[in-house]
Amino acid sequence: MPRNRTVRLAVLGSSVQRTAASGYPSSRSSALKRRTIVGGLVLLSLVLITVSFRSSALDGAQGTVAGILRPFEVAADRVSRPFRDAVGWTHGLIDAKNQNKKLRLKVELLRQQVIQDESAVQENVQLKAHLRYHGPPSVRDFDRVGAAILTNQQSPIDQSVTIAAGTSSGVAAGSVVVDPSTGGLVGTVDRARSSVARVTLLTDGQSAVTATDLTYPSAIGVVTRGGGGSDVLVLDSVSKSAYVGIGDTVITAGRLGNGALQSKFPRGIPIGSVSSASNNDVNPFKNIQVEPLVDFSSLQSVIVLVPKP
Amino acid sequence: MDGVKAALVLFVVALLQLAVLTEYSAFRTASIVLVALLALALLRGSVFGAVAGFGIGLLLDTATLGTLGVSSLLLTVGGFWIGRYGETTARDRFHSPFLSVAVVTVLFAFGQLALQFLLGEPAPAGLVVRGLPLGLVLNLLLTLPAYTLIRRLFPPLELGDRVREVRLLG
């Protein structure tokens, strides 16, 4: 059978231009066209970054599109919920036995604590009324707006979530956000649009809140994100002379430092418990680590504190 | 037609990323959007990859109320680069999707970090580096199913078109 071949000379190192594969639509277009398109997109991205970062001109459009995307996100969440519940149920079943004993003991301790606290609260209310004392605002001075978590896009760079409540519900930038189950501090609203808002979590590098030890209120500092990869927080700027006990509850101070200036965080929101406290010669303040009360990785819904009209 | 199909695929993938994967803390470092985009770019070329990257980046930034353009910029460059790789040396090579995902996952993380730094926002390099190995492994695990599915939806272009790449003289 004759072979259908022709003699061809392979020219190595010649200046002959190889044509690009015509199968790819982008290869078909000229290199100039390709570079123009990509350059244009990069330029457009840079313009978007500049405008979005420096002004609020795009906020309306972003809010509108985010509102349009919301039903799709809710639908995807509902579709995936049975699977998530199944995973949670299995996980919970494994942990349940271990937790049961510990929780029973804790409930007993807390029951005794509640009785003491209730009498202290009553006494406090009476004393305040007698003295006409006006302290920093507390959680009771705010309305509570419940909101589901839409996206929980937490990464080492960006510790934030988006929630299904916005300016139409009274939510504004700076509103304080707490966890509905534990009452613990979650973070603050960073950006608010009509129906959605972005919450910067307490574990974000930009978050900071003045806090105090509930048991030893003289220990006032600032809670910020810890240096490690975990969700552990740091209670910084606490004087070395102040006493802080392991296991003490850390709450929002309701004021800035030791001065009279009020914080945007109402007093008394629990943040977590002290997991370690030490002094060293390098740090002029105490080294205090705080285990947060809130499990930031499994947030399902939040409560936004909105000032009462 | 490919464009509409790609837009739909990327939209569904973005929803999967935002509403489902991020619910599980273990998967939070993974990015199925990145994997899907790179698969599309490998199969359809650089301009397709760049446009798809820009679109999906804009969608992500909008949905998360982030700074518009940050994800778009990184994903445009990533989609374009891997698209060029797909047009030139990566064809029919089994390892090309894995290599692309591995390289772009690392570069995307550092690119994001650099942009954060340039914008004057916190850029915790240590946290990013510590989270990178897990993200890399998860993305590589997602590569095979995602690439297989996307290859089925966007079959590679005909072989006849490819052999014209080298012209024999004589």
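Refer to the structure presented above.
Report on the accompanying structure. Going along each chain's sequence as written, the residues are numbered from 1 onward. Going through the entries in the order they are written, you letter the chains from A and number the ligands from 1. Totals for whole chains, interfaces and linings use every residue, but because this is a predicted model, local features are given only for residues with pLDDT of at least 70 and side-chain atom pairs only at 80 or more, for both listing and counting.

A count of helices and strands for chain B gives 7 helices and 0 strands. Counted from the first residue to the last, chain B has its helices and strands arranged as α-α-α-α-α-α-α. This radius of gyration counts C-alpha atoms alone. The globule rule is 2.2 Å times how many residues there are, raised to the power 0.38. By the compact-globule yardstick of 15 Å for 170 residues, chain B fits well, its C-alpha radius of gyration being 16 Å. Dimensions of chain B along its principal axes, counting C-alpha atoms only, are 60 × 30 × 25 Å. Within chain B, buried positions represent 53% of all 170 residues. Remark: residues whose backbone-derived C-beta atoms lie within 7 Å of one another are considered to be in contact. At a minimum sequence separation of 6, the contacts of chain B that also span at least 24 residues come to 67%. The helix and strand labels rest on DSSP assignments: H or I over at least four residues marks a helix, E over at least two residues marks a strand, and numbering proceeds from the N terminus. Residue burial here comes from a neighbour count, namely the number of other C-beta atoms, placed from the backbone, that lie within 10 Å of the residue's own C-beta, with 20 or more meaning buried, 12 or fewer meaning exposed, and in between meaning partly exposed.

Residue and element names in this part refer to chain A. For two strands to be treated as a pair, DSSP must find at least two bridges joining them. Sheet architecture is closed into a barrel: 6 strands sit in the order β1-β2-β5-β4-β3-β12, paired in antiparallel fashion. Pairs of neighbouring strands in the sheet enclose a mean axial angle of 45°, with direction left out of account. Where strand β3 (residues 176-178) meets strand β12 (residues 301-307), 3 bridges bridge the pair, whose relative direction is antiparallel. Along β12, the bridge assignment pairs Val-176 with Leu-305. Lines fitted to C-alpha atoms define the axes, with helix axes restricted to the stretch in contact, and inter-axis angles between N-to-C directions lie between 0 and 180 degrees.

The next thing to look at is unusual backbone geometry. Of note in the backbone geometry, A:Ser237 takes a positive phi value of approximately 65° without being a glycine. With respect to the helices, strands and loops of the structure, A:Ser237 is situated in the loop between β8 (233-236) and β9 (249-252). Residue A:Ser237 is classed as partly exposed on the basis of its C-beta count, with 17 C-beta atoms lying within 10 Å. Within the chain, B:Leu65 stands out as a residue other than glycine whose phi angle is a positive 55°. With respect to the helices and strands, the residue B:Leu65 is situated in the loop between α3 (46-63) and α4 (70-87). Under the C-beta neighbour-count criterion, B:Leu65 is labelled buried, with 27 such atoms within 10 Å.

Now for the environment of A:Thr210. Turning to its location among the elements, A:Thr210 is positioned in strand β6 (residues 209-213). Through-space distance from the C-alpha of A:Thr210 to that of A:Gly254 is 7.2 Å; in sequence the pair is 44 residues apart.

Ranked by internal contacts, the top residues of the largest apolar core, which has 107 residues, are A:Val302 and B:Ala36. The dominant element in this core, judged by the number of residues it contributes, is helix α2 (residues 32-44) of chain B, at 12 residues. Beyond its immediate stretch of four places on either side in the chain, B:Ala36 contacts B:Val9, B:Leu10, B:Val13, B:Ala146 and B:Ile150. Here, a nonpolar core means buried Ala, Val, Leu, Ile, Met, Phe, Trp, Tyr and Cys residues linked by C-beta atoms lying within 7 Å of one another.

Here the focus is the pairing of strand β2 (residues 160-163) of chain A. Residue and element names in this part refer to chain A. Here β2 shows two buried faces, one formed by Ser-160 and Thr-162 and the other by Val-161 and Ile-163. Relative to β2, strand β1 (residues 142-151) runs antiparallel, the two being bridged by 2 bridges. Its bridge partner being in β2, Thr-151 is matched across the sheet by Thr-162. Summarising the sheet, β2 and strand β5 (residues 197-201) pair through 4 bridges and their orientation is antiparallel. Residue pairing for β5: Val-161 is matched across the bridge by Val-199.

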